[in-house]
Amino acid sequence: MENNIRNLELNPLLDQWKNCRSQLWQFNVGHSILFIRLYRDESVASLFLKCDATYQISCLSLWKNAHLQIMETNKTDGQGRYRVYDRNSDNFIRCGILTADICDFDKWVSFT
């Protein structure tokens, strides 16, 4: 991904995906990396949110009408510095670094 968007800069992009479906796409326990897929049934495009240094996951694996937002916490040790939360539910994830990319479903996302 050439011009990835990071951390709090993602909120305007996430606003464009309001009321979509969210899905925990992939989680690598050894590296604490979580991918969240945001999508709409009528579109082949998906937004993939990459959560590095994932510290806490408290959400369903798939939910509808998501409106994800990011807030910075008072944690400075990297353990949950950012909170990704759904404004329409109690779902949230705490992680250290966030990046995102939009892609067509038939293409794979390349994060740097």
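Residues numbered from 1 in each chain as written. Predicted model: local features only at pLDDT ≥ 70, side-chain atom pairs only at ≥ 80, totals over all residues. Heavy atoms only, no water.

### Comments concerning the pattern of salt bridges
A full pass over the atoms with the stated rule returns three salt bridges. Lys 50 is the salt-bridge partner of Asp 52, the closest N and O atoms lying 3.8 Å from each other. Accessibility assignment for this pair places Asp 52 and Lys 50 in one class, buried. Note that Arg 81 and Glu 72 form a salt bridge whose closest N and O atoms lie 2.8 Å from each other. For Glu 72, a relative accessible area of 37% gives the class partly exposed. (Salt bridge = Lys/Arg side-chain N within 4 Å of Asp/Glu carboxyl O. Buried < 20%, exposed > 50% of the residue type's maximum accessible area, 1.4 Å probe, protein only.)

### Description of the nonpolar core
Ranked by internal contacts, the top residues of the largest apolar core, which has 22 residues, are Leu 10, Ile 36, Leu 38, Leu 49, Cys 51, Leu 68 and Leu 98. Broken down by secondary-structure element, the contributors of at least two residues to this core are α1 (11-16), β3 (33-39), β4 (45-52), β6 (62-66), β7 (68-72), β8 (82-86), β9 (92-95) and β10 (97-104). Considering every element that reaches this core, the biggest residue donor is β4, with four residues. Ignoring anything within four residues of it in the chain, the contact list for Cys 51 reads Ser 32, Ile 33, Leu 34, Ile 36, Ile 93, Cys 95, Ile 97 and Leu 98. (Core = buried A, V, L, I, M, F, W, Y, C linked by side-chain atoms within 4.5 Å. Helix = DSSP H or I, 4+ residues; strand = E, 2+ residues; numbered from the N terminus. Contact = heavy atoms within 4.5 Å.)

### Overview of the sheet that holds strand β5 (residues 56-58)
Spatially, β5-β9-β8-β7 is the arrangement adopted by the four strands of the open sheet, whose pairing is antiparallel. What marks the edges here is a single partner per strand, and that holds for β5 and β7. Within this sheet the neighbouring strands show an average axis-to-axis angle of 15°, counted without direction. Pairing geometry for β8 and β9, over four bridges, is antiparallel. Across the sheet, the residue bridging to Tyr 82 is Cys 95, located in β9. (Pairing = 2+ DSSP bridges. Axes fitted to C-alpha atoms, helices over the stretch in contact; angles between N-to-C directions.)

### Here we look at the side chain of Thr 54
Here Thr 54 lies in the loop between β4 and β5. A residue is classified by how much of its surface remains accessible, and Thr 54, at 11% relative accessible area, is buried. Among all residues touching Thr 54, those that are not within four sequence positions of it are Phe 27, Ser 32, Ile 33, Leu 34, Ile 93, Arg 94 and Cys 95.

### Details of a nonpolar patch on the surface
Side chains of Phe 27, Val 29 and Ile 57 sit close together on the surface and give an oily, nonpolar patch of about 270 Å² of accessible area. Structurally, Val 29 can be placed in the loop between β2 (20-28) and β3. (Patch = residues over 30% accessible without salt bridge, like charges linked within 9 Å, V, L, I, M, F, W, Y side chains within 5 Å. Areas by Shrake-Rupley, 256 points an atom, 1.4 Å probe, with all protein chains shown as cover.)

### What about the packing of aromatic side chains?
Applying the stated criterion to the full structure yields one aromatic pair. Pairing Trp 25 with Phe 48 gives two aromatic rings, centres 5.7 Å apart and planes at 75°, and the pair type is edge-to-face. Taken together, the residues Trp 25 in strand β2 and Phe 48 in strand β4 connect sequence positions 23 residues apart. Arg 37 extends its terminal NZ or CZ atom over the ring of Tyr 39, reaching a point 3.9 Å from the ring centre. (Phe/Tyr/Trp six-rings, centres within 6.5 Å; stacked < 30°, edge-to-face > 60°. Lys NZ or Arg CZ within 6 Å of the ring centre and 35° of its normal.)

### Remarks on the environment of Thr 73
Relative to the helices and strands, Thr 73 resides in the loop between β7 and β8. Take Thr 73: its relative accessible area is 23%, and that puts it in the partly exposed class. Other than its neighbours up to four places away in sequence, Thr 73 contacts Gly 80, Arg 81, Tyr 82 and Arg 83.

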